Amino acid sequence: MTSEQTFIAVKPDGVQRGLVGEIICRFEKRGYKLAAIKLVTPTQEHLEKHYEDLKDKPFFKGLITYMGSGPVCAMVWEGREAVKVGRQLLGATNPMASQPGTIRGDYAIDVGRNVCHGSDAVESAKKEIDLWFKKEEVNSWKKAEHDWVY
Ligand code: RTP
């Protein structure tokens, strides 16, 4: 089985609204493995790097200000087709077009406050993981074969 990693972030509005647990739950229940997690308030410089592809968009400045307005829960999730399925779990960028049952389709109505971010390709996932995490913060672990519950 080919396994890959994706970068998923709960944006400041998602953290403020107490949706971190719900979002973790959806990835865990789908069968993905949490490889890294931290709460961080990103600097403007960091966000400009993260969103450098969007620097000419009219919403860029507002996006950077909003993303730096409070803590973001940054995560790395691992498993089969994690990038593609991660985007499916999140739903469409514009929540008005997101299907019910997706995170944005269940919890958002505004494209500028769409609760979460997910890498859009394997290559961008690698770049984003390198930007947000130090190597030693990303855990490589196997699900144990022991019974942990007696
Ligand atoms: P994300 O990076 O957050 O996962 O979003 P995405 O790939 O689905 O979409 P992208 O085009 O990269 O846009 C990044 C974020 O910018 C905000 N946005 N605002 N018209 C607007 O006001 C507008 N369009 C995009 C959204 O928060 C989007 O997630």
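In this text, all values refer to a predicted model and were calculated from it rather than measured experimentally.

Calculation notes
- Residues numbered from 1 in each chain as written.
- Predicted model: local features only at pLDDT ≥ 70, side-chain atom pairs only at ≥ 80, totals over all residues.
- Heavy atoms only, no water.
- Pairing = 2+ DSSP bridges.
- Helix = DSSP H or I, 4+ residues; strand = E, 2+ residues; numbered from the N terminus.
- UniProt positions renumbered as here; feature names shortened; annotations may be inferred.
- Contact = heavy atoms within 4.5 Å.
- Phe/Tyr/Trp six-rings, centres within 6.5 Å; stacked < 30°, edge-to-face > 60°.
- Buried < 20%, exposed > 50% of the residue type's maximum accessible area, 1.4 Å probe, protein only.
- Lys NZ or Arg CZ within 6 Å of the ring centre and 35° of its normal.

Visitor: Can you help me understand the pairing of strand E1 (residues 3-10) in this one?
Guide: Put simply, side chains in a regular strand alternate between the two faces of the sheet. Where E1 and strand E3 (residues 72-80) come together, eight bridges link them in antiparallel fashion. Following the sheet pairing, Phe7 is matched in E3 by Val76. Pairing of E1 with strand E4 (residues 116-118) involves three bridges; the strand directions are antiparallel. Each bridged residue has a counterpart across the sheet, and for Ala9 the counterpart in E4 is His117.

Visitor: Mind showing me how you'd approach the UniProt feature "domain: Nucleoside diphosphate kinase-like" (unreviewed entry) in the protein here?
Guide: The UniProt entry lists residues 3-140 under the feature "domain: Nucleoside diphosphate kinase-like" (unreviewed entry), expressed in the numbering used here. Regarding residues 3-140, the helix share stands at 41% and the strand share at 20%, and the terminal C-alpha atoms are separated by 12 Å.

Visitor: Before we go on, may I ask you to explain the environment of Glu81 in this structure?
Guide: Among the secondary structure elements, Glu81 is positioned in the loop between E3 and helix H5 (82-90). Considered as a pair, Glu81 and Thr2 are 79 residues apart in the sequence and their alpha carbons are 7.7 Å apart. Contacts of Glu81, omitting those with residues within four sequence positions, involve Thr2, Glu4, Tyr32 and Gly86.

Visitor: Is there a simple way to explain the packing of aromatic side chains in this structure?
Guide: Each pair of aromatic rings is reported with the distance of its centres and the angle of its planes. As enumerated under the stated definition, the model contains three aromatic pairs in all. Measuring from centroid to centroid gives 6.4 Å for Phe7 and Phe133, while their planes differ by 70°, and the two rings are edge-to-face. A residue pair is termed long-range when its members are at least 10 positions apart, and Phe7 in strand E1 and Phe133 in the segment after helix H7 (122-132) qualify at 126 residues. Summarising the burial analysis for this pair, Phe7 and Phe133 share the class buried. Of note, Lys33 hangs over the ring of Trp141, and the distance from its end group to the ring centre comes to 5.3 Å. Taking NZ or CZ as reference, Arg113 lies 4.3 Å from the ring centre of Tyr66, over its face.

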